[in-house]
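# Understanding the architecture of this molecule
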Amino acid sequence: MLKTALRNILAHKARLTMTILAVCLGVAFVSGTLVFADSTTAAHRAAASKTFADVAVTVTGKTPPPGAPPERQAGVLDDALVRELADVTGVATVRPSADGSAVLNAADGTPLRAGRAWSNPAAGYMPGPDGKDSHYPLAEGRAPADSGEIAVDRGTADAGRLRIGDTVTLATDGPVMTKRLVGIVTTDDTRVTAGGTLTLFDKATAQQLFATPGHYTSLDLTATPGTTPAELARRVTAVLPADRAKATTSAALAAQQAILVDTLTRGYEKVPTVFAGVSLFIGSFLIVNTFTMLVARRTREIALLRAIGASRRQVSRSVLLEAALVGAVASAAGFLLGLGIAQALPGLLSTGGTTLPHGPLVIGPGSVAASLGVGVGVTVLAAWLPSRRAAKVAPVEAMRTADRPPTTGRWRVRGLTGLALLTLGAVRLISLTRAKGASEENLQNAMISCALLVAAMIVLAPLLAVPVIRLTGRLTGRLGITGHLARENALRDPRRTAATAATLLISTALVAGLAVIGHSTGQALDRQAAAGLGADYVISTRSAMTGMSPDAVQRVAGTPGVRTASAVTDSTLFTAGAVRQISGVDPDTVNAVMKLHFTSGSADNLGPGRIAVSSTIARESGVTTGGLLNAGLGQSRQFEEYTVVGVYQDSPVARDALGTRTEVASHSLLPGSIQRLLVNTDNGEASKTFEERLRAAVGNNPLLKVQDREQIVREAADTIGDLLDVMYGMLAIGTVIGALGIVNTLAMSVAERTREIGALRALGMDRTAVRRMIRLEAVTVAAFGTLLGLAGGLFGAWAVGSLANSAIEQYSLAIPWGTLLLICLLSLATAALAATVPARRAAALSPLEAATEA
């Protein structure tokens, strides 16, 4: 039977090529993702290890408890401790550090790579006896020597177009500063090489900014030859005050930093993984279709094998062995292709200021085994049903000259099974429309229900093929005899037509559903982002741990063209079982900058002990206007009773509750801080010129964002960018695999209808008409799959969208007609293009050759 399997593969290698390509595509994404993940992790660890290559132990201070005396707040890492540690046996050198974070402006005044604090490290340049800092080798210029100078790394200088001698605007955690750039350094810090910035100050300035004068944030120790980091850490720990400092080996620090960067960039693996799953899932239907058609064509051959003594198990194993060999070849080719994908992914994903580390490809045994296992496993699993069908072929089938159509009983079983799956999936999806919240359980139920719906459509597809194709065939029938023949050819074998259309059905359903959900969510976020905003501009901090100074607020209020400048302090509101946000506002100006819809009460009565709450808090806490809410403000978390003076519809501008700014600021983590400034202009319009005025009023502080309404909406819309990327990727994969399926089916169909096509040629049909007939047949099959996919995708999007409706109050179903039309046109165009080769082969047949075909 092994020889039989090998002979069948060689005899049908052209027809199995499409199957190999489909499996190859899926395995390529699997292997590429796995190798990319291993290589990126190894590169992160190598870079982190290089950063701490000369460090054996690092000493850091412990956070003092609340209420500690001033001398305890200052820390213990000072020059005296540096001298004491230098005398410890095994210590070669001690390098102090004063580290923090700083955000810079580029040469054009825009914030440079402003992100999390970890991605914008800042430190003091600590020269050794030779006047150089080994951590930061100078590439150009000199080291900063006083409080008015800084140095940056090469990547930061290039990204911001900064040159030696430029005046740079920056901020650490408060007011804006201006410094002169005097040096450019190189660094292996993975936080910087992963897309961050590096700012270096002189020693005294760094201590003042990130520690206290005369103190440091950490001490890096190198070991003498023969002293291990673990041994040195024990000796240093014995010297340190246990309650004020601790020692950590460099290996542990490197591992922590590598894990941090790796975790923050791990999301890049999700998209290739999704593509791999989709391509293998859709490709499995192409495999099923291919082997089903091969088994059907070899019915007489299989019957002869049965007649000469082959058992059913041997026949089934022969088909599965054939599938395993095909899967092995496809997996090997896919793995090699995946290496190219893994090599290209770091460059493709290093966008938006985030750079992934480069390094050699790491090809581990796990990646190889997983790729081959997935490819072979999916192929064998997909060929299981055709193998069972082959095993059921009786020896008497060798004497038949035509295929037997499925019995009425089989159609009845198929119909009942499909209706049961359809009913179960539809009922589950409809029940989700009454679900509360997008919980993990509800999302799992939605996925299971959608899977049931897709399975039902696949099972029912052969039954639906006849009425749907007869309906759509009216359009092709108007094109003459070629259109009529194309329709009848598609109806000749509904099972084959349905199997061919399955790939387009699944990909269209997935893409259409995501397109509708993405479009609806995007519009909801657009509406919600500016809901309740009455101001023309919002000036906000990039981090909750920073705030604007009252002087900046006064400067904005005094800017020509500003009618109202209302400061807002954001803090935390603790209620029974929930943590919410409260905005402290000025009762006199809140109605001018916030357009809130109050269902009861108003913001006019805000005052000490009096707050307004959103409808969500009112519903969850069971309070109404005039009632009492037991809650805690800010860091104190001391619960008090607050009088509710109004209930308003949920608004991202007002957060979950409103109070007076005086009261909220007094409980804030940063007392008296201001997180947002809502600005109204005299003419009510936004312009680039006015935005520049506001930026100038706040000193071009890179820690602050100045946005008009349109920019706020655009920022909210960017949150669904990943969803759109996945949607278009799945559309491309589904289209490619669908095209392979159409090519495969039509090629086999043309081979089966050789004599028929020859007869048509003998009756006067020219080559052009033959090609048109094959293309129209492909378009008919594609239209069938696309229509079923659209119907399933729209229904699923409607049902699943209810979960988003509970999470996003502004959500409502919005159908992207343009996108859906594009999906339909792309499917039909792909089908017509995929039919090119089979159509040419059919047109090339001569009547004489067809008549002599066995």
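What counts, and at which threshold
- Position numbers for residues count from 1 along each chain, tracking the sequence in the order it is written.
- The model is predicted, so local features are restricted to residues of pLDDT at least 70 and side-chain atom pairs to those at 80 or more, both for listing and for counting; the totals for chains, interfaces and linings are taken over all residues.
- Processing note: side-chain calculations cover all non-hydrogen atoms of the structure and skip hydrogens and water entirely.
- Helix and strand definitions follow DSSP, with helices as H or I runs of at least four residues and strands as E runs of at least two, each counted in order from the N terminus.
- Think of it in three bands: with a 1.4 Å probe and only protein chains considered, a residue is buried below 20% of the maximum accessible area for its type, exposed above 50%, and partly exposed in between.
- Note that accessible areas follow from Shrake-Rupley with a 1.4 Å probe, and for residues the cover is restricted to the protein chains shown.
- Our arc is simply the arc of the directions from the helix axis toward the C-beta atoms.
- Computed over the protein atoms alone on a 1 Å grid, cavities are sets of points where a 1.4 Å probe fits but cannot get out and pockets are open sets with protein on both sides within 12 Å along at least five of seven lines; a residue lines them when it has an atom within 4 Å of a point.
- Grid points are joined across faces, edges and corners, and a volume is the space filled by probe spheres set on the points.
- Side-chain classes follow a simple rule in which Ala, Val, Leu, Ile, Met, Phe, Trp, Tyr, Cys and Pro form the nonpolar group, Asp, Glu, Lys and Arg form the charged group, and the remainder, Gly included, forms the polar group.
- The working definition used for a salt bridge is a side-chain nitrogen of Lys or Arg within 4 Å of a carboxyl oxygen of Asp or Glu.
- Throughout, a residue-residue contact means that at least one pair of heavy atoms, one from each residue, lies within 4.5 Å.
- Each Phe, Tyr or Trp ring (for Trp, its six-membered ring) is paired with any other whose centre lies within 6.5 Å, and the angle between the two planes then decides the class: stacked below 30 degrees, edge-to-face above 60, tilted in between.
- In short, DSSP must find at least two bridges between two strands for them to pair.
- Put simply, a patch holds well-exposed residues, over 30% relative accessible area, that have no salt bridge, with like charges counted together within 9 Å and Val, Leu, Ile, Met, Phe, Trp or Tyr side chains within 5 Å.
- Fitting a line to C-alpha atoms yields each axis, with helices limited to the stretch in contact; the angle taken between N-to-C directions then spans 0 to 180 degrees.
- The convention is simple: Lys and Arg are positive, Asp and Glu are negative, and His and the chain ends are not counted.
- Charge coordinates come from a single atom per side chain, which is NZ of Lys, CZ of Arg, CG of Asp or CD of Glu.
- Just so you know how the angles are binned, under 35 degrees is roughly parallel, over 145 roughly antiparallel, 65 to 115 roughly perpendicular, and the rest oblique.
- Residues enter a nonpolar core if they are buried and are Ala, Val, Leu, Ile, Met, Phe, Trp, Tyr or Cys, with the set joined through side-chain atoms within 4.5 Å.

Quick look at the overall build of the chain now. Along the backbone of the chain there are 30 helices and 23 strands. Of all 854 residues assigned to the chain, the portion counted as buried reaches 49%. Just so you have it, the chain exposes about 38500 Å², and 58% of that area is on carbon and sulfur atoms.

What follows is about helix H26 (residues 754-762). Regarding H26, the residues found buried are Thr754, Ile757, Gly758, Leu760 and Arg761. Angularly, the buried residues of H26 cover 160° about the axis, an arc narrow enough to put them on a single face. Facing away from the buried side of H26, by more than 90 degrees, are the exposed residues Arg755 and Ala762. Remark: Gly764 follows H26 within two positions and exhibits a positive phi of approximately 115°.

For the coordinates displayed, the defined rule picks out two cavities of 30 Å³ or more. Of the voids in this model, the second largest cavity is the one considered here, and its volume is about 50 Å³. Along its surface, the second largest cavity is lined by Asn105, Gly109, Pro111, Arg695, Val698, Asn700, Asn701, Pro702, Leu704 and Val706. Of the residues belonging to the lining of the second largest cavity, the class tally is five nonpolar, four polar and one charged.

A few words now on the pattern of salt bridges. Across all of its chains, the model carries twelve salt bridges by this definition. A salt bridge links Glu488 to Arg487; the nearest nitrogen and oxygen atoms lie 3.4 Å apart. Given a relative accessible area of 28%, Glu488 falls into the partly exposed group. Here Arg655 and Asp570 are joined by a salt bridge, their closest N and O atoms 3.6 Å apart. Linking Arg655 in the loop between strand S20 (639-648) and strand S21 (657-660) with Asp570 in strand S15 (residues 562-575), this pair joins segments that are 85 residues apart in sequence. Because the salt bridges share partners, they merge into one network encompassing Arg142, Glu149 and Arg180.

Inspection of the secondary structure assignment puts Pro608 in the loop between strand S17 (598-601) and strand S18 (610-614). Between the C-alpha atoms of Pro608 and Thr662, which are 54 residues apart in sequence, the distance is 8.4 Å. In this structure Pro608 touches Thr660 and Glu663, once residues within four positions along its chain are discounted.

So, on to the packing of aromatic side chains. Enumeration over the complete set of coordinates arrives at four aromatic pairs. Taken together, a centroid distance of 5.9 Å and an interplanar angle of 65° make the contact between Phe201 and Phe210 edge-to-face. Take Phe201 and Phe210: they sit in the same class, and that class is buried.

In this structure, Thr780 sits in helix H27 (residues 767-807). Residue Thr780 is classed as buried on the basis of its relative accessible area of 3%. In this structure Thr780 touches Ile469, Thr476 and Ala490, once residues within four positions along its chain are discounted.

In this section: the pairing of S20. Relative to S20, S17 runs antiparallel, the two sharing three bridges. Paired with Phe598 across the bridge in S20 is Tyr648. Pairing of S18 with S20 involves five bridges; the strand directions are parallel. Residue pairing across strands places Ala612 opposite Gly646, the latter belonging to S20. As judged from the five bridges shared by strand S19 (residues 628-633) and S20, these two strands associate in the antiparallel manner. When the sheet's bridge partners are listed, Leu628 is paired in S20 with Thr643.

This paragraph deals with unusual backbone geometry. For Arg161, which is not glycine, the phi torsion reads 55° and is therefore positive. Tracing the sequence through the fold places Arg161 in the loop between helix H5 (154-160) and strand S9 (167-171). Classification of Arg161 as exposed rests on a relative accessible area of 71%. Positive phi values are uncommon outside glycine, yet Asn700 reaches one of about 55°.

Among the surface-exposed residues, Ile430, Trp798 and Leu813 lie close enough to one another that they form a single nonpolar patch of about 270 Å² accessible area. Residue position: Leu813 is located in the loop between H27 and helix H28 (817-834).

A few words on the sheet that holds strand S1 (residues 57-61). Taken in spatial order, the four strands of this open sheet run S2-S12-S1-S13, and their pairing is antiparallel. At either margin of the open sheet sits one strand with a lone partner, and together these are strand S2 (91-97) and strand S13 (245-249). Strand after strand, the sheet turns through a mean of 20° between neighbouring axes, direction not considered. With six bridges connecting them, S2 and strand S12 (residues 218-223) associate as antiparallel partners. Counted as the bridge partner of Pro96 is Leu219 from S12.

We now examine the packing of H28 against helix H29 (residues 836-843). To describe two helices that pack against each other, one gives the angle between their axes and the distance between the axes. One can describe the packing of H28 onto H29 by two numbers: an axis separation of 5 Å at closest approach and a directional angle of 40°. Contacts from Ala832, Leu833 and Ala834 of H28 reach H29 at Thr836, Val837 and Pro838.

So, on to a positive patch on the surface. Residues Arg312, Arg388, Arg389, Lys392 and Arg410 make up a contiguous surface patch of positive charge. If you trace the backbone, Arg389 turns up in helix H14 (residues 384-391).

Another aspect to go through is the pairing of strand S6 (residues 121-124). In S6, alternate side chains face the same way, and those of Pro121 and Ala123 on one face and Ala122 and Gly124 on the other are all buried. In the sheet, strand S3 (residues 99-101) pairs with S6 via three bridges, with the strands oriented antiparallel. Bridged to Ser101 within S6 is Pro121. In this structure, S6 lies alongside strand S11 (residues 199-201), joined through three bridges in parallel fashion. Along S11, the bridge assignment pairs Gly124 with Phe201.

With that settled, the discussion passes to the packing of helix H13 (residues 365-382) against H14. Running from amino to carboxyl end, H13 crosses H14 at an angle of 40°, the nearest separation of the two axes being 4 Å. Overall, the two elements H13 and H14 adopt an arrangement that is oblique. Of the residues in H14, those in contact with Val380, Leu381 and Ala382 of H13 are Trp384, Leu385 and Pro386.

A word on the nonpolar core. Judged by nonpolar contacts, the single largest core of 36 residues is most densely connected at Val59, Leu77, Leu85, Leu219, Leu221 and Val236. Excluding anything up to four places from it in sequence, Leu85 contacts Val59, Val91, Val94, Leu219, Leu221, Val236, Val239 and Leu240. Listed in part, the 28 residues of the second largest apolar core include Ala461, Ala465, Leu505 and Val516.

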